[in-house]
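A structural walkthrough
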Amino acid sequence: MGAREDTQALNGLTVQTVGGLLGLRLPAQGMARCPFIDYEDSKPSFEVRGAGRRWICYSCGRRGGAIDLVMAVRGAPFIEAKRWLVEKTGIAADGRHPRTATRRILPTAALAARPAAEELAVETPPDHELYAALLARAPLEASGRDYLHGRCLADAIISRFSIGQMPGVGAVQELIRLFGFTRVQAAGLLIKMATPERPRPIFPQGALLFPYYEAESIAYLQARLISGPVEAKRWRNLNNRRRRIYNANILARADVRRVAICEGALDVLSAAQLGQEAVGLIGVSACLSDAQIVQLRGKQVDLLLDWDAAGEKRARAMLDEMRRFGIAPTRKNRPSVSAKDINEYLQEVSGQP
């Protein structure tokens, strides 16, 4: 048996089984909190599906099978993750224990017969048309512009990134009339308990809307609350949709030779105002896909993650991740004593207290 059969045999293990080997408690099917190290998950966003052998985290965007889970949790490359699973389970490429050769572990024939579509169908594509329709009904109001000005962001930057402001429920009801309740719900624009009679939006009215463009189309939306209790959770994401990378469309641009990696949309805007193109992660534990990392080859990559303990730790991990792809990013030092992120630095150099 070759490497392909070996991989297939190991990926026949259930996510729950592999989780147990890793010291994690994961369900046989359904939702759980993200199990990755140092990941802050306020509600279940990790789903086990595909007959219990596939998983996806809607918060950080990672997904896969048994081997991918080991890679994500242990931070191991593909070959090392496979070797670890073989040592823990005794599964060889022919489904037998390498030492006894008599213990049948895995029905590989049954695995081969399982449809590939079941393995790969984890999420419907982003609804570009629907997201664009919402943004067209969400002009930026004075309150939103004032907030962004308070973060020292110029009108030119605000316009370039097409920032909007969430309209009232009437706009969402109009979208339901145009596109249907099922489609609006699948796009993640409604809360879990929403019904056709009570279509409750996932984003509160008045929240800033940040469109995530990929190949010039909106692939995701994120909202930032600018009013309400100070202790309230300020950032809101689409319901049950994979989180994406902000401003990822610049990765494919040949004219962009230098890219910064930041935490969040506001830092991306701040970097742009300071003269550097950037992409933003939703949360310090988020990661770029392999394809996105490959797009960074030949570019100068600067890590502008927050200058705090979590940001420093994630920067170190990202350095290792990218070096496996032949990319040598630079972790930029804190630009001032007091600024813990790029937006705070922008406010400092702009003279705002």
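All figures in this text were calculated on a predicted structure; none of them were measured in a lab. Within every chain, residues take consecutive numbers counted from 1 along the sequence as written. pLDDT decides what is reported in this predicted model: residues at 70 or higher carry local features, side-chain atom pairs at 80 or more are listed and counted, and totals for whole chains, interfaces and linings draw on all residues regardless. The basis for every side-chain value is the complete set of heavy atoms in the structure, and neither hydrogens nor water enter the calculation.

1. Observations concerning the overall build of the protein
- For helices the rule is a DSSP run of H or I covering at least 4 residues; for strands it is a run of E covering at least 2, with both sets numbered from the N terminus onward. Regarding its fold elements, the protein presents 15 helices and 12 strands.
- Three exposure classes are used, based on accessible area relative to the maximum for each residue type with a 1.4 Å probe and protein chains only: buried under 20%, partly exposed in between, and exposed over 50%. In the protein, which comprises 353 residues, the share counted as buried stands at 52%.
- Contacts spanning at least 24 positions in sequence make up 62% of the contacts within the protein whose residues lie at least 6 apart.
- With residues, only the protein chains shown are counted as cover, and all accessible areas are computed by Shrake-Rupley using a 1.4 Å probe. Of the roughly 16,800 Å² of accessible surface on the protein, a fraction of 52% belongs to carbon and sulfur atoms. We call two residues contacting when some pair of their heavy atoms lies within 4.5 Å.

2. Brief notes about the pattern of salt bridges
- Any carboxyl oxygen of Asp or Glu that lies within 4 Å of a side-chain nitrogen of Lys or Arg is treated as forming a salt bridge with it. One pass over the full model with this rule turns up 13 salt bridges.
- A salt bridge links arginine 49 to glutamate 47, with the nearest nitrogen and oxygen atoms 3.5 Å apart.
- As a salt-bridge pair, arginine 331 and glutamate 312 come within 3.1 Å of each other at their nearest N and O atoms. With arginine 331 in strand β12 (residues 330–331) and glutamate 312 in helix α14 (residues 309–323), the pair connects residues that are 19 residues apart, well separated along the chain.
- Arginine 331 gets classed as buried once you look at its relative accessible area, which sits at 17%.
- On the basis of relative accessibility, which here comes to 28%, the residue glutamate 312 falls in the partly exposed class.
- The network of salt bridges with common partners includes Asp127, Glu129 and Arg183.

3. A short note on the environment of alanine 260
- As for its placement among the helices and strands, alanine 260 is situated in strand β9 (residues 258–263).
- The exposure class assigned to alanine 260 is buried, which follows from its relative accessible area of 0%.
- In this structure, the C-alpha to C-alpha distance between alanine 260 and valine 279, residues 19 residues apart in sequence, is 6.4 Å.
- Setting aside chain neighbours within four positions, we find alanine 260 in contact with Gln276, Glu277, Ala278, Val279, Asp302 and Leu304.

4. Structural notes on α14
- When the terminal C-alpha atoms of α14 are compared, their 22 Å separation across 15 residues agrees well with the 21 Å that a helix rising 1.5 Å per residue should span.
- Taken residue by residue, α14 has Gly311, Arg314, Ala315, Met318, Leu319, Glu321 and Met322 as its buried positions. Down the axis, α14 shows its buried residues gathered within 165° of arc, on one side only. For α14, the exposed residues lying more than 90 degrees away from the buried face are Ala309 and Arg316.
- Of the surrounding secondary structure, the elements contacted by the buried residues of α14 are β9, β10 (278–281), α13 (290–295), β11 (300–303) and β12. The span one expects for a helix is its residue count, reduced by one, times 1.5 Å. When we speak of the arc, we mean the arc of directions from the helix axis to the C-beta atoms.

5. Section: the sheet that holds strand β7 (residues 217–224)
- Pairing within the open sheet is antiparallel, and its four strands lie in the order β5-β6-β7-β8. Edge strands, defined here as strands with exactly one partner in the open sheet, are β5 (164–165) and β8 (235–237).
- Strands are treated as partners if at least two bridges between them are detected by DSSP. Where strand β6 (residues 208–214) meets β7, seven bridges bridge the pair, whose relative direction is antiparallel. Its bridge partner lying in β7, tyrosine 213 is registered against isoleucine 218.
- Sitting on the sheet, helix α7 (residues 128–136) is in contact with β5, β6 and β7, with an inclination near 45° to β7. Think of each axis as a best-fit line through the C-alpha atoms, taken over the contacting stretch in the case of a helix, with angles from 0 to 180 degrees between the N-to-C directions.

By themselves these figures say nothing about function.
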